[in-house]
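Given next are the chains, with one letter for each unit.
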Amino acid sequence: MTRTITVGLDGSPASLAAADWAAHEAQLRDLPLRLVTAWEWQAPAFAPATGIGVPVPPSDLQWASAQHLLAQARSRVGETRPGLRIDTDEIPGLPVPALLKAAEEAELLVLGSRGLGKAAGYLLGSVSHAVLASCERPVVLVRAAEHGEEEVTPETSAREVSAVSGHRAVVLGLDLHKPNDAVIDFAFDAASRRAARLRIIHGWTLPPYYYGGALMPDLNDGMVKQVRSELSDVLRPWQDRYPAVEVHAQATIGGAGRHLVDASYDAALVVVGRQNRRAAVGAHIGPVTQALLHHAVAPVAVISHD
């Protein structure tokens, strides 16, 4: 089965920006681009004779709208990416399961993300959030640039992708306590394909060893050296595998979320992991990923792992 870079479209500026980003990624990986849209079926109707509820399929108008959206997106992408193979699919059914099913055949699933922006407190959107929380394939969230009310055109989108992708660094949020090969490999591979630097950020917390209200300098220095040594040990095999990738690793005191958000302003891509586990209410995303999805400027790749 040929893997694809798959994009979920809903017609929003963010999803169109996601399509442009995904087209660039498809060219980097020499893979086809697949544009999909899913339309929610109506509530069940009850057959008079049996009283059994049966789903009501989308109307002709819904299908026409889906076809128009896909054709428009395909035309946009094709104008700036000649030669790229582009497939389109209208997927019947509820959006979340439809996108999760489409992701099973994808190398990456790419979705649009609003972040916070003008609608303060807006969390991704219920569909994107649910897909991200459950998807077992890598998911990339892409925000539309701030254009005010200006329409996002293929030309402006291509310039934005170029500006973000260029030779800006790929940023990896690394948890030294639970380093995961899939997450690290994704980040090194992304930097290698872009001929970009890889900036690695690990957040850690100093133990509360105080003397007279001040942190003891010798303990502080020892902890810093230990963390740097552990960081070096984890990264060494990957630097051997990707010798052309220039690596800048830093250990920052405190949570990594704020540092990753700051780094996203000058990044081509931010990469983080998401452990496959269930929280008390629904799927778990984690505070660092939540912070990035709210505030990051660059696209964010979330790699699920066990």
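Residues numbered from 1 in each chain as written. Predicted model: local features only at pLDDT ≥ 70, side-chain atom pairs only at ≥ 80, totals over all residues. Heavy atoms only, no water.

**Observations regarding helix α4 (residues 126-134)**
Item 1. What α4 keeps buried is the set S128, V131, L132 and A133.
Item 2. Where α4 is buried, its residues meet α3 (95-103), β6 (106-113), β7 (139-143), β13 (267-275), α9 (287-295) and β14 (300-305). (Buried < 20%, exposed > 50% of the residue type's maximum accessible area, 1.4 Å probe, protein only. Helix = DSSP H or I, 4+ residues; strand = E, 2+ residues; numbered from the N terminus. Contact = heavy atoms within 4.5 Å.)

**Some remarks on the packing of α3 against α4**
Item 1. Put simply, α3 and α4 touch, their axes get as near as 9 Å, and they point 45° apart. In terms of orientation, α3 lies oblique with respect to α4. Crossing geometry of α3 relative to α4 is assigned as right-handed. Across the interface between the two elements, P95, V96, L99 and L100 of α3 pack against V127, A130, V131 and S134 of α4. (Axes fitted to C-alpha atoms, helices over the stretch in contact; angles between N-to-C directions. Parallel < 35°, antiparallel > 145°, perpendicular 65-115°, else oblique. Left-handed = near helix turned anticlockwise from the far one by under 90°.)

**What about the environment of L292?**
Item 1. If you trace the backbone, L292 turns up in helix α9.
Item 2. Taking the relative accessible area as the measure of exposure, L292 reaches 1% and is therefore buried.
Item 3. Considered as a pair, L292 and S264 are 28 residues apart in the sequence and their alpha carbons are 8.5 Å apart.

**Describing the pairing of β13**
Item 1. Most of β13 sits inside the fold, with 7 of its 9 residues counted as buried.
Item 2. With 4 bridges joining them, strand β8 (residues 169-173) and β13 adopt parallel strand pairing. In the strand pairing of β13, A169 is matched with A267.
Item 3. Where β13 lies against β14, 6 bridges are found, and the strand directions are parallel. By the bridge assignment for β14, G273 is matched with I303. (Pairing = 2+ DSSP bridges.)

**Overview of helix α6 (residues 181-194)**
Item 1. Taking 1.5 Å per residue, 14 residues should reach 20 Å; α6 reaches 20 Å between its end C-alpha atoms and fits that length.
Item 2. Along α6, the residues classified as buried are V183, I184, F186, A187, F188, D189, A190, A191 and R194.
Item 3. Between the side-chain oxygen of the N-cap and the backbone nitrogen of A182 there are 3.0 Å, and the N-cap of α6 in question is N180.
Item 4. A195 sits one or two residues past α6 and shows a positive phi near 50°. (Expected span 1.5 Å × (residues − 1). Polar contact = N/O pair within 3.5 Å; in protein donor to acceptor, adjacent residues only side chain to side chain.)

**Structural notes on the nonpolar core**
Across soluble globular proteins, nonpolar side chains show a tendency to be buried alongside one another.
Item 1. By size, the foremost hydrophobic cluster in this structure holds 49 residues, and its most contacted members are L33, F188 and V271.
Item 2. In terms of residue count, the dominant contributor to this core is helix α1 (residues 13-29) (8 residues).
Item 3. Beyond its immediate sequence surroundings of up to four residues, F188 is in contact with L198, I200, L235, W238, Q239, Y242, V245 and V247.
Item 4. Listed in part, the 31 residues of the second largest apolar core include V131, V261, A296 and V300. (Core = buried A, V, L, I, M, F, W, Y, C linked by side-chain atoms within 4.5 Å.)

**What about the confidence of the model for the chain?**
Item 1. Overall, the prediction assigns the chain a mean pLDDT of 80, with 73% of residues at 70 or greater.
Item 2. Considering only residues more than four positions removed or in separate chains, one finds that residues 147-151, a stretch of pLDDT under 50, has 6 contacts. (pLDDT = per-residue confidence, 0-100.)

**Brief notes about the packing of helix α8 (residues 256-264) against α9**
How two helices sit against one another is set out by the angle between their axes and by the gap between those axes.
Item 1. Contact pair α8 / α9: the axes reach a minimum separation of 9 Å and the direction vectors enclose 30°. Judged by the angle between their axes, α8 and α9 are roughly parallel. Like other packed secondary-structure pairs, α8 and α9 cross with a definite hand, here right-handed. Together, G257, L260 and V261 of α8 and V288, A291, L292 and H295 of α9 make up the contact between the two elements.
Item 2. Tallied by class, residues from the contact of α8 with α9 come to 5 nonpolar, 2 polar and no charged. (Nonpolar A, V, L, I, M, F, W, Y, C, P; charged D, E, K, R; others polar.)

**Comments concerning unusual backbone geometry**
Item 1. Its identity is not glycine, yet D30 carries a phi of approximately 55°, on the positive side.
Item 2. You can see D30 is positioned in the loop between α1 and β2 (33-39).
Item 3. With a relative accessible area of 70%, D30 lands in the exposed category.

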